[in-house]
Amino acid sequence: MKKGILFLGLVLLGGAAFAQTGVRLNIELHDVQHLVINPDQSTVTLAYHTLADYQNGVESVQKAHLSVFSTSGYEVKVKMANQDFIKLGQAQTEKIPAPLIRVKATATHIGQAVNTASVLSTNKETIISSDSPTLNGLFDVTYTGPGADGLMQYVEKNNTVTFTNDVLYSIETR
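Residues numbered from 1 in each chain as written. Predicted model: local features only at pLDDT ≥ 70, side-chain atom pairs only at ≥ 80, totals over all residues. Heavy atoms only, no water.

Caption draft 1: Just the pattern of salt bridges, in detail. With the rule as written, the count across this model stands at seven salt bridges. Residues Glu94 and Lys87 are paired through a salt bridge, measuring 3.4 Å at the closest nitrogen-oxygen approach. One salt bridge connects Lys124 with Glu172, and the closest N-O pair in it is separated by 2.8 Å. Here Lys124, found in the loop between β8 (117–119) and β9 (125–130), pairs with Glu172, found in strand β12 (residues 167–173); they are 48 residues apart in sequence, far enough to count as distant. On the accessibility criterion, Lys124 (45% relative accessible area) is partly exposed. Residue Glu172 is classed as partly exposed on the basis of its relative accessible area of 23%. Among the charged side chains, a salt-bridge network with shared partners connects Glu75, Lys77, Lys124 and Glu172. (Salt bridge = Lys/Arg side-chain N within 4 Å of Asp/Glu carboxyl O. Helix = DSSP H or I, 4+ residues; strand = E, 2+ residues; numbered from the N terminus. Buried < 20%, exposed > 50% of the residue type's maximum accessible area, 1.4 Å probe, protein only.)

Here is the structure:
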């Protein structure tokens, strides 16, 4: 009898070991694009200190300024939020028309993307373009302010004057 129960127990365990059931596993891939401005570089200043600055213009190079992740080809575009720059620190708001400020992105790794320079305006302009996806695109950005004495008329005697505007970046599927 004990042998019969042992045999029956082994048959039941053996039968359970061979039972199978399954699930269907799907993998959904969604197009994802992500653009980040280096948080330590949320303010960029083009400072004019010397005669040469006013004559030749100034530039500010922001290393590792933009970080890009995209599962498909993409374009990074840039524009100014407002047509005019607004004077800071005054009760009355003084505005000046936007000077010709250029923005250029440069890939930190060879072969990352095609980069072009653009003049900032309220229209979106492409500064980075790639037909390929990227997991860790990193770009330096150079901001260049005008020379040729283009800003002299806004200088105030014995006073530092600051005008401001916001620069907006976006990433779009190519």
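Here the narrative resumes.
Caption draft 2: Region of interest: unusual backbone geometry. With a phi close to 50°, Ala64 is a non-glycine residue in the positive phi region. Mapping Ala64 onto the fold places it in strand β2 (residues 58–70). Looking at Ala64, the relative accessible area reads 27%, which means it is partly exposed.

Caption draft 3: Representation of the packing of aromatic side chains. Under the defined criterion, the tally for this structure stands at two aromatic pairs. For the pair Tyr48 and Tyr54, a centre-to-centre distance of 5.2 Å together with 40° between the ring planes defines the contact as tilted. Judged by its relative accessible area of 17%, Tyr48 falls in the buried class. Assessed through its relative accessible area of 18%, Tyr54 is described here as buried. For the ring pair Tyr154 and Phe163, a centre distance of 5.9 Å and an interplane angle of 70° mean the geometry is edge-to-face. (Phe/Tyr/Trp six-rings, centres within 6.5 Å; stacked < 30°, edge-to-face > 60°.)

Caption draft 4: Up close: the nonpolar core. In this structure, Leu66, Val76, Ile127, Ile128, Phe139 and Tyr169 are the most contacted members of the largest nonpolar core, which totals 21 residues. In terms of residue count, strand β3 (residues 74–80) provides more of this core than any other element does, four residues in total. Once residues within four sequence positions are removed from consideration, Tyr169 is found in contact with Leu35, Ile37, His65, Leu66, Val76, Lys77, Val78, Val103, Ile127, Val141 and Tyr143. (Core = buried A, V, L, I, M, F, W, Y, C linked by side-chain atoms within 4.5 Å. Contact = heavy atoms within 4.5 Å.)

Caption draft 5: Looking closely at the sheet that holds strand β5 (residues 95–97). Read across the open sheet, the three strands follow the order β5-β4-β11; overall the sheet is antiparallel. Across the chains shown, the open sheet's two edge strands, defined by having one partner strand only, are β5 and β11 (163–164). Pairing geometry for strand β4 (residues 84–87) and β5, over three bridges, is antiparallel. Pairing of Ile86 across the sheet is with Lys95, part of β5. (Pairing = 2+ DSSP bridges.)

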